[in-house]
Amino acid sequence: MKIKLQEIGIVGISMMASSALNYLYHIYMARALTPEEYGELFSLLSLFLVISVVFMAIETTVSKFVVTYRINGKIEKIGSIVYSGSLKMTLFGVFLLIVATPLLIALSNFLGIPLPLVATLFLSIPLGMSASVYQGVLRGLERFKGLGLMLSVPQFFKLLFGGILVSIGLGVLGGILGILLSMVTSIILGVLLLREFFGVRRNETLKITEMLNYGIFTTTVLFLYTLLVNLDVFLAKHYLSPELAGEYSALSLMGRMVLFASEAVNVVMFPKFVESRERRTLNRRALYGVMVISSLLSGTLILAYALNPGFIIGILYGGKYLQIEEYLMTYSVAMLVLALMKTVINYGLAVENRKTPWVLLSTGVLEVVLITLNHASIQSIVTSLFVSVTIGFVISLILA
C-alpha cells in the first residue's frame, strides 16, 4: 500500500481552504446580522452539523463499494451509483423531510426560531445526501483533486451567495439560502467531475442490502465518534460556571485544531485501506505507518503550542483567555490521542470491525463517568478527558 504525501497535501490544502471560507462566512454573518439573528443562524447550523454525520456516512459507504467495484473492473456498477445512487438519495432525503415535518415543528418551537427558517435549512438535506454520493465516488476512485474541489468550492459559493443575500436585506434567511445554493453548486460540480459515468451502460444489480447494512454500521460509528469528540464540551458547559465554560470552549477550539490537523490523512487512506483489504495485502504495519504520519502532522501543531502558547492564544483570543495556557498541552495531547483513535476507527471501517462501535460507546461512557465524578475545575475535566480517550485508544488498537 503506497502512501502518497502529494495526495494528503491536496486534500489537506482543500480542507484548510474550506475551513477558512467557512470561518469567513461566520465572521461576515456575525457582523452583518444582529446578535439575535446570528444566534438563530448559529443554533441552526450547530444542529445541521450533527445531521451532517449522515453525509459523512454516505460518503464513506459509497467510497468503500466504489473501491471494490473499481479493482474488480465493474465500471457499470460505479455508473449505477453515480446516476441511480445520487437520484435515490435525493428522493430518500425528500421522504425523510416529509416524515420529519412534526420534528421540524417541534424544533422550531423549542429553539424559538420561525418554522420557515428551519424548513429552508433542512431542504439542504436531500441535496447534501446527493452531493455525498459524488464525493464518495471521487474518494473511492482516488480522484483527490476533484474531491478537493468539492470540499472547497461550495464553501466559496456559500460565502458569496450568503453575503449577497444578507446584504440585500434577507437576514437569517439569506444566510440559510447561501447554504442551500452552495449545495446546488456542489451537485453541479459533482456531475461535471463524474460526467463520463453518465454515459456508461448501467447495471442496476447493486448490493443494496449489503450497502445498507454497511451504511448503518458506518453511521453508528461516525455518530459515536462525533459524540465522543464533543462530550467534554457539553459536560463542561453543564458543570462549570459560565466564565469557566467560556474558557473551556476557547481551549476546546485550539484543541480541535490539533485533532483536525491530520484529518486529510484519514480521507486519503480510507480507500487505500479498503483496496488493500480487497487484494488481501492489508496488515497492521500499514495502520502503524498512517499513525506515524498523523502523529507528525498533529504533533507539529502541538510543538508550536509548546514553544509559544501565550503568543498563539493572544493572537486567537486576545489577553482575556491567557489563563488557558496551563491546560493547553494536556488538552492538545488528548486531541492527538483522539486523532490517532480516528485513524484506528478508519481502519476498522475499512475492515468492517464490528467491535468499533462498542469501543467508542465504552470510551464515551467512561468519559462521562470520570467527568461526573471529577469536574471541580477545568484541569479536572481535562485530566478526565485525557485518561478516558487514552484508555479508549489503547483498547481500539488492541482490537483493531
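Residues numbered from 1 in each chain as written. Predicted model: local features only at pLDDT ≥ 70, side-chain atom pairs only at ≥ 80, totals over all residues. Heavy atoms only, no water.

### Brief notes about the confidence of the model for the protein chain
The test is simple: pLDDT is a per-residue confidence score from the predictor, ranging from 0 to 100. Runs of H or I in DSSP of at least four residues are treated as helices and runs of E of at least two as strands, each being numbered from the N terminus.
Looking at the protein chain as a whole, its pLDDT mean stands at 84, while 96% of the residues score no less than 70. Of all secondary-structure elements in the protein chain, the lowest mean pLDDT belongs to helix α2 (residues 35-51), at 75, while helix α15 (residues 356-373) reaches the highest, 92.

### Examining a nonpolar patch on the surface
We count it as follows: Patch construction takes residues with relative accessible area above 30% that form no salt bridge. Like charges are linked within 9 Å, and nonpolar side chains (Val, Leu, Ile, Met, Phe, Trp, Tyr) are linked within 5 Å. Each accessible area value is a Shrake-Rupley result obtained with a 1.4 Å probe; residue values ignore everything except the protein chains displayed when judging cover. Should a side-chain nitrogen of Lys or Arg be within 4 Å of a carboxyl oxygen of Asp or Glu, the pair is scored as a salt bridge.
Together, Val387, Ile391, Val394, Ile395, Ile398 and Leu399 give the surface a local cluster of nonpolar side chains, amounting to about 470 Å² of exposed area. Note on placement: Val394 falls in helix α16 (residues 378-399).

### Digging into the pattern of salt bridges
According to the stated counting rule, one finds 12 salt bridges in the structure shown. A single network of salt bridges, built from pairs that share partners, joins Glu7, Arg70, Glu142, Lys272, Glu275 and Arg279.

### As for the packing of helix α10 (residues 242-260) against helix α14 (residues 325-351)
To be explicit about the condition: Helix axes use the C-alpha atoms of the stretch in contact, all axes being lines fitted to C-alpha atoms, and the angles between their N-to-C directions lie in the range 0 to 180 degrees. An angle below 35 degrees is treated as roughly parallel, one above 145 as roughly antiparallel, one from 65 to 115 as roughly perpendicular, and anything else as oblique. By convention the crossing between two helices is left-handed if the near helix lies anticlockwise of the far one by an angle smaller than a right angle, and right-handed if it lies clockwise. Whether two residues are in contact is decided by their heavy atoms: any pair within 4.5 Å suffices. Side-chain classes are defined by residue name, with Ala, Val, Leu, Ile, Met, Phe, Trp, Tyr, Cys and Pro counting as nonpolar, Asp, Glu, Lys and Arg as charged, and the others, Gly among them, as polar.
At a minimum axis separation of 8 Å, α10 and α14 run at an interaxial angle of 45°. When the interaxial angle is binned, α10 and α14 end up oblique. Crossing of α10 over α14 shows right-handed handedness. Contacts between α10 and α14 involve Tyr248, Leu251, Ser252, Met254, Gly255, Arg256, Val258 and Leu259 from the former and Tyr327, Leu328, Tyr331, Ser332, Met335, Leu336, Leu338 and Ala339 from the latter. Tallied by class, residues from the contact of α10 with α14 come to 12 nonpolar, three polar and one charged.

### Here we look at the packing of helix α1 (residues 5-32) against helix α8 (residues 144-193)
Look at α1 against α8: their axes get within 8 Å of each other, and the N-to-C directions meet at 5°. Between α1 and α8, the angle falls in the class roughly parallel. The class makeup of the residues in the contact of α1 with α8 is 17 nonpolar, 10 polar and three charged.

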